[in-house]
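Examination of the molecular architecture
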Amino acid sequence: MMMPSQANIVEMGARDGLQNEVAVTTDAKLTLIANLAEAGIKKIEAGSFVSPKWVPQMADSAELFRQLPRQQGVTYSALTPNLKGFEIAQSVGVDEVAIFGSASESFSQKNINCSIEESIERFTPLMQKAKQQNIPVRGYVSCVLGCPYEGHINASEVARVSEILYKMGCYQISLGDTIGVGTPLDARKMVEQVANVVPIDQIALHFHDTYGQALANIQACLALGVNTFDSSVAGLGGCPYAKGASGNLATEDLVYMLHGMGIDTGIDLTKLIAAGNQISQIIGRQNNSKVANALS
Ligand SMILES: CC(C)(COP(=O)([O-])OP(=O)([O-])OC[C@H]1O[C@@H](n2cnc3c(N)ncnc32)[C@H](O)[C@@H]1OP(=O)([O-])[O-])[C@@H](O)C(=O)NCCC(=O)NCCSC(=O)C[C@@](C)(O)CC(=O)[O-]
C-alpha cells in the first residue's frame, strides 16, 4: 500500500480537548472554532450532547451550536450517546453526530454507565433517526490499545465492536487509544485486524499522546492506507473517565509531520499555532504542542 498523498484531520480541541480542561466561556469556544476553520480545518467536533452532570464543560453545547457561525465546506459535529442527545443536537443544526462505544466493558460502564451490549441498544434508535434525517454518524471505539481499568484489550474485541458500529451505519470508525499506551507494532496489528471488517478508507485513528507514542503509531499505520486522523490543537484535553490520560496528539505536531512527509492537509500551520496559543492562554497553561512551542 502506498502512503496517502492527502490526509483528513478531524479537530478535537473544542470537544475532547475542552471537555477535560477548566471550563471556558461559550465565546472562547466560538473564537477557537472560528480560528480553526480559518486555519483550513474542514472537520471540527465542536461539542457533545451528554449529561451536564457527567461532563459540565460541555453543558453549553446547544447554546454554542445556536450561535456558531458556519464556514462553507466545514463540518461541525458533536458527540451523542443516545437518542436524547441526538434530538437536542438535531434541534440546533449539528451537521454530523458521533456515537461512542468501547472495546472495554469497564470503560463502557465508567464512561456511559452501561455495558457494551446495552450501548448498542441505545445507539439503535439514534441510528434509525439519523438515517431518516440523513445525518451522517461517525462511530468511536475507545480503549483500542489498552484500558485504564482492564489493561490489555484484545484486537479481536476492537474488531468485533468496530464491525457492529460499521454495520449499524456509521460511515467511519474512529479507533481511540484513549489512554495513549499503544506502541507502533501493536497499533498496526490492531488496525490490520479491524481492516478485515471495516474498509481501510473508513477507518480513522484517534490517539492520545500520554506516552508520546501517537506520531509513531500514526506513522506505522499510514502505510496501511489510513488517511483520517483525530487530533487536538495545542494537545488540549484528556479524558474525564481515564485519569492521567493526556490530550489527543497535538494537531500542530501531526500537521508538521504530515507536511514533512509530503502529505497535504490543507491546513495553514502558522494560523493553527496562533489558534492553539490563544486557547492555551485562555485556559492558563502551556501549549502542549512541541511544534507550536518551537515555532512560536
Ligand atoms: C450517556 C449518559 C447520559 C448515560 O447516563 P445515565 O445516567 O445512564 O442515563 P439516564 O438515561 O438514566 O439519564 C440520567 C440523567 O441524564 C440525562 N441525560 C441522559 N442523556 C442525556 C443527554 N444525551 N444529554 C443531556 N442529558 C442527558 C437524563 O435526562 C437524566 O437527567 P436527570 O433526570 O438526572 O436530571 C451519561 O453516562 C453521560 O453523559 N456520560 C458522559 C460521557 C462522556 O461524555 N464521556 C466523555 C466522552 S470521551 C470518550 O468517550 C472517548 C472518545 C470518544 O473521545 C474516544 C477516545 O478518546 O477513545
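Residues numbered from 1 in each chain as written. Predicted model: local features only at pLDDT ≥ 70, side-chain atom pairs only at ≥ 80, totals over all residues. Heavy atoms only, no water.

1. As for the packing of helix α9 (residues 214–222) against helix α10 (residues 251–260)
Their axes nearest at 11 Å, the elements α9 and α10 cross at an angle of 40°. If you check the angle between α9 and α10, you find them oblique. For the crossing formed where α9 meets α10, the hand is right-handed. Facing α9, whose interface residues are Leu215, Ile218, Gln219 and Leu222, α10 presents Asp253, Leu254, Met257 and Leu258. For the contact of α9 with α10, the residue count by class is six nonpolar, one polar and one charged. (Axes fitted to C-alpha atoms, helices over the stretch in contact; angles between N-to-C directions. Helix = DSSP H or I, 4+ residues; strand = E, 2+ residues; numbered from the N terminus. Parallel < 35°, antiparallel > 145°, perpendicular 65-115°, else oblique. Left-handed = near helix turned anticlockwise from the far one by under 90°. Contact = heavy atoms within 4.5 Å. Nonpolar A, V, L, I, M, F, W, Y, C, P; charged D, E, K, R; others polar.)

2. Some words on the site of the ligand
Taken together, 27 residues lie around the ligand, and Phe49, Ser51, Asn111, Asn113 and Thr178 are the ones closest in. Arg15 is positioned with one of its side-chain polar atoms (N or O) 2.9 Å from an oxygen atom of the ligand. In this structure, Ser51 approaches the ligand through a main-chain N or O atom, which is 2.8 Å from an oxygen atom. The fraction of the free accessible surface of the ligand (1100 Å²) that becomes covered by protein chains is 76%. Those elements that place two or more of their residues in the shell around the ligand are α1 (13–17), α4 (83–91), α5 (105–112) and β5 (137–142). (Near = heavy atom within 4 Å. Polar contact = N/O pair within 3.5 Å; in protein donor to acceptor, adjacent residues only side chain to side chain. Areas by Shrake-Rupley, 256 points an atom, 1.4 Å probe, with all protein chains shown as cover.)

3. Structural notes on the environment of Leu18
Here Leu18 is to be found in the loop between α1 and α2 (26–38). In this structure the C-alpha to C-alpha distance between Leu18 and Asn35, which are 17 residues apart in sequence, comes to 15 Å. Discounting chain neighbours no more than four positions away, the residues touching Leu18 are Gly13, Val24, Lys29, Leu32, Gln57, Met58, Leu236, Ile279 and Ile283.

4. Comments concerning the confidence of the model for the protein
Here the protein averages 96 in pLDDT, while 98% of its residues score no lower than 70. Predicted complex metrics record ipTM = 0.98 and pTM = 0.97. (pLDDT = per-residue confidence, 0-100.)

5. Re helix α6 (residues 116–133)
With 18 residues, α6 should cover 26 Å at 1.5 Å per step; its first-to-last C-alpha distance of 26 Å lies within 8% of that length. Within the span of α6, buried status applies to Ile116, Ser119, Ile120, Phe123, Leu126, Met127 and Ala130. Turning to α6, the residues buried within the fold contact α4, β4 (96–102), α5, β5 and α7 (155–168). At the exit of α6 stands Asn134, carrying a positive phi of roughly 60°. (Expected span 1.5 Å × (residues − 1). Buried < 20%, exposed > 50% of the residue type's maximum accessible area, 1.4 Å probe, protein only.)

6. Let's talk about the pattern of salt bridges
Counted by the stated rule, this structure contains 14 salt bridges. Across the salt bridge formed by Lys271 and Glu38, the nearest N and O atoms sit 3.1 Å from each other. Taken as a pair, Lys271 in helix α11 (residues 269–283) and Glu38 in helix α2 lie far apart in primary sequence, 233 residues in all. Of the residues examined, Glu38 reaches a relative accessible area of 48% and is grouped as partly exposed. Close ionic contact of Arg188 with Glu192 constitutes a salt bridge, the shortest N to O distance being 3.6 Å. Placement of both Arg188 and Glu192 in helix α8 (residues 184–194) is noted, with a separation of four residues, approximately one turn of the helix. Its relative accessible area of 30% is what places Arg188 among the partly exposed residues. Residues joined by salt bridges that share partners form a network here, namely Arg15, Asp16 and Glu45. (Salt bridge = Lys/Arg side-chain N within 4 Å of Asp/Glu carboxyl O.)

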